[in-house]
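# A closer look at the structure
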Amino acid sequence: MYENVGTTTSGEVMKKGGITENPPTCANINISVGAFPKTITITFTNCLSANGFFTRNGTLTIVLSDSLYKVNTTATMTYGSNYTLAVTGGSTFLLTGAVTWTNKTNMHLLPAPTSRTWTRDASGQTTNQTTGHYWTHSGHRTVTNFFNATPVYYDVATGSTHSITNELGITRTATVQTDLINYYSSCRWFHSGTINFAGP
C-alpha cells in the first residue's frame, strides 16, 4: 500500500499492488496518512463478486500495526455494523466480529526467506441470516506460503482449528490432523492432508 494515499478506489490500489489485472471499482478505499498504525477503510456499494455468487455492501476496517515485513506485525479486519453479503438468488447475511493476521517471518533477512508464515485468529465472528439463524465462529490457524517452491504452494499447519456454533448452541469443530497442502497452479482445493470434524 502507498504510505500517503488518502482516498482512492479499490481498482487503483489493487492494480498498483499487482493483485489482479481486472480489479473491481465498486468499492472506495480510504487509507490513513502518516505513521503506523494505519487504518484502511473499505466501503462496498453493491459490489458483485467476480463469480457472480454474491453482492457486498457495507464497510470493512483493517488496522495495520506496522510494516508487514516485520515479525509480529498484525492486520486486524473488523466488519462494520452494516456489512452484508447477499447471495445471488438467495439469503442475505450480516457479518460481525474481527479477524487478525499476524506475520511470523522477518522479511528483511538476507538472503531473503523462501517462505512466509502467518497466523489467523477469528474472534467474536458472527454470521447472521435474515431469517433469524446465526452462527458464531472462532479459531486459530497457522499458514505458510512457500513462494520459491516449484510449484508454489501453501501449507495449513497441523493443530489449526475452527469452530462454528449455531443459535441452538450446537458446535462443530474442524481440526487439522496432518498439514493441508494446496498447489496454487493446478487446483483451488487442497491436494493432501487430513481434517477431523467433531460434533453433530
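These lines cover the structure that appears in this document, whether it is placed above or below. The model shown is predicted, which means the values in this text are computed figures rather than measured ones.

## Considering the overall build of the protein chain
A tally of regular secondary structure across the protein chain gives one helix and 13 strands. Scored against the burial criterion, the 200 residues of the protein chain give a buried share of 32%. Accessible surface, the protein chain: about 11600 Å² in total, of which carbon and sulfur atoms supply 57%.

## Observations regarding the state of the cysteines
One pass over the structure, following the stated rule, counts one disulfide. Two residues, Cys26 and Cys47, share a disulfide whose sulfurs are 2.2 Å apart. Its S-S torsion of about 140° marks the bond between Cys26 and Cys47 as right-handed, since a negative value means left-handed. Taken together, the positions of Cys26 in the loop between helix 1 (10–16) and strand 2 (27–31) and Cys47 in strand 3 (residues 38–48) put the pair 21 residues apart, joining distant regions of the chain. Classification of Cys47 as buried rests on a relative accessible area of 5%.

## Quick look at the nonpolar core
Ranked by internal contacts, the top residues of the largest apolar core, which has 18 residues, are Ile40, Ile42, Phe44, Ile62 and Tyr83. Sorting the residues of this core by element identifies strand 2, strand 3, strand 4 (54–64), strand 5 (74–79) and strand 7 (92–103) as the ones contributing at least two each. In this structure, Ile42 is in contact with Ala27, Asn28, Ile29, Gly58, Thr59, Leu60 and Ile62, ignoring residues within four places of it in sequence.

## Some words on the side chain of Asn145
Mapped onto the fold, Asn145 is located in strand 9 (residues 134–146). Not counting chain neighbours up to four residues away, the residues in contact with Asn145 comprise Thr114, Ser115, Arg116, Trp118, Val152, Tyr153, Tyr154 and Tyr184.

## Thoughts on unusual backbone geometry
Residue Pro37 follows Phe36 across a cis peptide bond; omega there is 0°. Take Pro37: it is sitting in the loop between strand 2 and strand 3. Of note, the amide linkage connecting Leu110 to Pro111 takes the cis form, showing an omega dihedral of -5°. With respect to the helices and strands, the residue Pro111 is situated in the loop between strand 7 and strand 8 (116–129). Even without a glycine there, the phi angle at Asn46 is positive, about 50°. Mapped onto the fold, Asn46 is located in strand 3. Judged by its relative accessible area of 55%, Asn46 falls in the exposed class. In this structure, Asn72 is a non-glycine residue whose phi angle is positive, near 70°. Relative to the elements of secondary structure, Asn72 occurs in the loop between strand 4 and strand 5.

Cut-offs and rules
- Residues numbered from 1 in each chain as written.
- Predicted model: local features only at pLDDT ≥ 70, side-chain atom pairs only at ≥ 80, totals over all residues.
- Heavy atoms only, no water.
- Helix = DSSP H or I, 4+ residues; strand = E, 2+ residues; numbered from the N terminus.
- Buried < 20%, exposed > 50% of the residue type's maximum accessible area, 1.4 Å probe, protein only.
- Areas by Shrake-Rupley, 256 points an atom, 1.4 Å probe, with all protein chains shown as cover.
- Disulfide = S-S within 2.5 Å.
- Core = buried A, V, L, I, M, F, W, Y, C linked by side-chain atoms within 4.5 Å.
- Contact = heavy atoms within 4.5 Å.

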